[in-house]
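# Architecture and fold: a report
Listed here are the chains, written in short residue letters.
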Amino acid sequence: RAERAERRRAAAESAERREARAMERERRRRHSRTVRRGPACVTPRNLNNNGCGSQNLWDDASPRTLRALCVEACAAVLRETTRLPPAMPAALVDETMDRCALDVRILAMCLAAGATKLHLRDFAAVPNVPLTAAWRCWQEDSPTCVGVPRPPPTRSTPIPAAMVETVDGILQTRVNGWTRLFGLADTLETVALERGETGEDDESHGYLRETLAELCGTRSLRKMALGFFERVTDDTLRPLWGGGGEGERDGDGEGEVEKAPLASSSAANRAAAAFVLPVPIPSPVTATPPALARLDLSHLPRVTDATVRSVLVNCQTLTELRLEFLPVTDACVADWRVALRNLAWLEVKSCPYMRFAYPDVDWSRPPDKLRTLRIQPGGAPENWGYSPDRDMRVSARHLHQLSLAKKSAITHLCLGCEFAAPEGENKRLGVGGNVGGYRSETVWDLREAPLRRVTHLELYRARQIIWPRRLARWTDCLESLMVETAEDGLIHRLVGVATLTRLVVCDCSAMDVDEFVAIGKLTSLTELRCGGVGERLAPFAGDVKAAIGDGLVEAHFHSCVEYPVEESLFD
């Protein structure tokens, strides 16, 4: 009888659990139906140009994590929210702000909640979004708020004083002072500003100038990216390096000392003087530069050498710099051992007037702290859909001096530039004027240029490189090698390099089967990436993986040509 009673009790509890689970399942189904079709979760018109469009993100058929669903739900209702939870993590605030259509009120609310990362993909669209009535205007010293209790902090975010003004005795929100919000953002660490579909005008350019001035006055800013602005000039970017104020920019001519223009001393840049004019040296520092650790400047056609040089000289905390599509010359890095004395990471892409030529750049004496140097990553501009005039050219004869450096901290070297002679030295080429002949300018002979300290090597113009017969004797520290194509039997030459753990070949379409199978002899590899593996080579991919063995942790074989993409602040 006791056993039967126990079984009945267990059956009753099981029935109750099944009924409870069914009720919970039905409740979730009803809630899901409400959330998917509810008016509060319809994504607003995407003014931040983040690729979402007006599609309801809850109807996306692709699988999403709970965190992603939470971010989408918060971003959809942010326009009706007056305050974010105080316990909301800063990373979640950043993701939510990145997925919604930002207006001035949402921007102020997220900055007050402790946002650390801000990416404005359409800077001019932010002040054009009309403010909602979800934020109650209240100010302690306003006559219109006499007798009106302060809104509880648990219900709404206090509105900054810079965003309100009294019009006809009525306290109203104003948009003109919205840039002062950035000066109050003590938690903002990373900022990326872009010109979007809205474009640029005098008003947005004034807002940008004020925004940069406010951001550079904060204590927490460490990374900044600025791109795609056609009106940005050296004068606009003065706050980045602590330049002078309006009075110094205008100048009345009293007490001014005429200074020599900032120009390159290399023959390569003197030949390009018809396209890039020397610029005057900027005014001395009159303010404290921001404590930036990284700066990305991209697609700014009116920025000159003066800004880049001033940032390098005056921002002592700057350790990473990326320059893309800028009309700058070697003058911005002249005497690069001194100019780049604080940099540990430098990338220059599609700056055709920069040649890294002697005497501005002395490859035999590289900067003491520079560990990563990337010149034209990605190879030819045609690979990325740009015109050939965006290509960069560096003399292989000048680059050869790096192997003769007595002291070099460069361990990561990326060269996607074309090896060519500087324009100003074409007439002096030949056996009589140059011991190396014309080949020393256009062909980089690695047999005579051992890079003993380089552990990560990335090369794209493989047809302009002569490889050593056995790389095992050429290097004893190479850990990662990335090439666009495997030319001149490179795979067979790599056999025996015991330190090599990573190999990337962007395009394997020209490799024969024997060389492709020879990748299996590189048993020290832990990561292998091969692009351009067509129907001819695909059947042998399994044999390569099996030959390398269990040490291979990650292997990718792609049918299309694949170029690696470095992380950018604009991503």
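Within every chain, residues take consecutive numbers counted from 1 along the sequence as written. Side-chain atom pairs in this predicted model are given and counted only at pLDDT of 80 or more, local residue features only at pLDDT of at least 70, and totals for whole chains, interfaces and linings cover all residues. Heavy atoms throughout the structure, all of them, feed into the side-chain values; hydrogens and water do not.

Moving on to the packing of helix α2 (residues 66–76) against helix α3 (residues 90–99). Two quantities define a packed helix pair, namely the angle between the axes and the distance from one axis to the other. It is the contact of α2 with α3, at a shortest axis distance of 8 Å, that shows an interaxial angle of 55 degrees. As far as their axial angle goes, α3 and α2 are oblique. The hand of the α2/α3 crossing is right-handed. Taken together, the residues of α3 that come into contact with α2 (itself represented by Arg 67, Cys 70, Val 71, Glu 72, Cys 74 and Ala 75) are Ala 91, Leu 92, Glu 95, Thr 96 and Arg 99. Each residue is assigned to one of three groups, with Ala, Val, Leu, Ile, Met, Phe, Trp, Tyr, Cys and Pro labelled nonpolar, Asp, Glu, Lys and Arg labelled charged, and all others, Gly among them, labelled polar. Across the contact of α2 with α3, the residue classes tally to six nonpolar, one polar and four charged. In this analysis an axis means a line fitted to C-alpha atoms, helices contributing only their contacting stretch, and an angle means the value between N-to-C directions, from 0 to 180 degrees. The way it works is that DSSP assigns letters per residue, a run of H or I at least four long becomes a helix, a run of E at least two long becomes a strand, and they are numbered from the N terminus. Orientation labels follow simple angle bins: below 35 degrees gives roughly parallel, above 145 gives roughly antiparallel, 65 to 115 gives roughly perpendicular, and whatever is left gives oblique. The sense of a crossing depends on the near helix, which, turned anticlockwise from the far helix by less than a right angle, makes the crossing left-handed and, turned clockwise, makes it right-handed. Every residue pair with non-hydrogen atoms within 4.5 Å of one another is taken to be in contact.

Here we take up the pairing of strand β9 (residues 320–324). Burial here depends on accessible area, computed with a 1.4 Å probe over protein chains only, as a share of the maximum for the residue type. Under 20% is buried, over 50% is exposed, and the range in between is partly exposed. Counting buried residues in β9 gives four out of five residues, a clear majority hidden from the surface. Strands were regarded as paired on the criterion that DSSP finds at least two bridges between them. Here five bridges tie strand β8 (residues 294–298) to β9, and the two strands are oriented parallel to one another. Within β9, the residue paired with Ser 298 across the bridge is Glu 324. When the strands point away from the viewer, a crossover counts as right-handed if the path from the first strand over the helix to the second runs clockwise. A crossover links β8 with its parallel partner β9, the connecting element being helix α8 (residues 305–314), and its sense is right-handed.

Aromatic pairs are defined between Phe, Tyr and Trp rings, using the six-membered ring for Trp, whenever the two ring centres lie within 6.5 Å; interplanar angles under 30 degrees are classed as stacked, those over 60 as edge-to-face, and all others as tilted. Per the stated rule, a full pass over the model turns up 10 aromatic pairs. Both rings, one in Phe 123 and one in Trp 178, keep their centres 5.9 Å apart while their planes meet at 40 degrees; by these two values the pair is tilted. Taken together, the residues Phe 123 in the loop between β1 (117–120) and β2 (164–167) and Trp 178 in the loop between β3 (170–173) and β4 (190–194) connect sequence positions 55 residues apart. A ring pair is formed by Phe 516 and Phe 557, whose centres lie 6.1 Å apart and whose planes are at 70 degrees; its orientation type is edge-to-face. On the criterion of sequence distance, the pair formed by Phe 516 in helix α14 (residues 513–517) and Phe 557 in strand β21 (residues 554–557) is long-range, its members being 41 residues apart. The partly exposed category is assigned to Phe 557, whose relative accessible area is 24%. Taken together, Phe 123, Trp 178, Phe 182, Tyr 207 and Phe 229 form an aromatic cluster joined through their ring pairs. A ring has a charge above it when a Lys NZ or an Arg CZ is no more than 6 Å from the ring centre and no more than 35 degrees off the ring normal. The lysine or arginine in question, Arg 294, covers the ring of Trp 345, its NZ or CZ lying 5.0 Å from the ring centre.

Here α8 lies mainly inside the structure; seven of its 10 residues are buried. If you check which residues of α8 are buried, you get Asp 305, Ala 306, Thr 307, Val 308, Ser 310, Val 311 and Leu 312.

This part takes up a nonpolar patch on the surface. Only residues above 30% relative accessible area that lack a salt bridge enter a patch, with like-charged residues linked at up to 9 Å and the nonpolar side chains Val, Leu, Ile, Met, Phe, Trp and Tyr linked at up to 5 Å. Computed by Shrake-Rupley with a 1.4 Å probe, the accessible areas treat only the displayed protein chains as cover when residues are assessed. What makes a salt bridge here is a side-chain nitrogen of Lys or Arg within 4 Å of a carboxyl oxygen of Asp or Glu, nothing more. Nonpolar side chains collect at one region of the surface, where Trp 384, Tyr 386 and Val 565 lie side by side and expose about 290 Å² of accessible area between them. By secondary structure assignment, the location of Tyr 386 is in the loop between β11 (372–375) and β12 (393–394).

Moving on to the nonpolar core. Among buried residues, the Ala, Val, Leu, Ile, Met, Phe, Trp, Tyr and Cys ones that are joined through side-chain atoms within 4.5 Å form a nonpolar core. Leu 226, Leu 413, Trp 444, Leu 481, Leu 503 and Ile 519 are the most contacted members of the largest nonpolar core, which totals 118 residues. Counting residues per element, this core draws most heavily on helix α4 (residues 104–112), at seven residues. Apart from residues no more than four positions distant in its own chain, Leu 503 is found in contact with Leu 481, Ile 491, Leu 494, Ile 519, Leu 522, Leu 525, Glu 527, Leu 528 and Arg 529. Counting six residues, the second-largest nonpolar core is a separate cluster that includes Cys 414, Met 482, Val 504 and Tyr 563.

For the rest of this paragraph, the subject is the layout of surface pockets. Cavities and pockets are found on a 1 Å grid laid over the protein atoms alone: a cavity is a set of points where a 1.4 Å probe fits but cannot escape, a pocket is an open set with protein on both sides within 12 Å along at least five of seven lines, and a lining residue has an atom within 4 Å of such a point. Grid points are joined across faces, edges and corners, and a volume is the space filled by probe spheres set on the points. What the second largest pocket holds in volume is close to 400 Å³. Elements with a minimum of two residues in the lining of the second largest pocket: β9 and β10 (345–349).

Count a disulfide wherever a pair of cysteine sulfur atoms falls within 2.5 Å. In total, this model carries zero disulfides according to the counting rule given. No disulfide involves Cys 110; its sulfur sits 5.8 Å from that of Cys 100, the nearest cysteine. This cysteine, Cys 315, is not joined by any disulfide, and Cys 216 carries the nearest cysteine sulfur, 8.0 Å off.

Further remarks concern helix α5 (residues 202–215). The end-to-end C-alpha distance of α5, which contains 14 residues, comes to 20 Å, matching closely the 20 Å that a straight helix rising 1.5 Å per residue would cover. When we look at burial in α5, the residues that qualify are Ser 204, His 205, Tyr 207, Leu 208, Thr 211, Leu 212 and Leu 215. Seen end-on, α5 carries its buried residues on one side only, within an arc spanning 155 degrees. Those residues of α5 that are buried are in contact with β4 and β5 (223–227). The residue sitting at the N-terminus of α5 and contributing the capping side-chain oxygen is Asp 201; that oxygen lies 3.3 Å from the backbone nitrogen of Glu 203. A helix is expected to span 1.5 Å for every residue after the first. Directions pointing from the helix axis toward each C-beta atom define the arc. Polar contact is defined as a pair of N or O atoms within 3.5 Å, subject to the rule that within protein one atom must be able to donate a hydrogen and the other to accept it, and that residues adjacent in sequence are counted only when both atoms are side-chain atoms.

Before going further, it helps to examine the environment of Phe 540. By the element assignment, Phe 540 lies in the loop between β20 (527–530) and α15 (541–548). The exposure class of Phe 540 is partly exposed, given its relative accessible area of 27%. Each C-alpha atom of the pair Phe 540 and Val 513 lies 8.0 Å from the other, and the pair is 27 residues apart in sequence. Setting aside residues up to four positions removed in sequence, Phe 540 forms contacts with Val 513, Phe 516 and Val 517.

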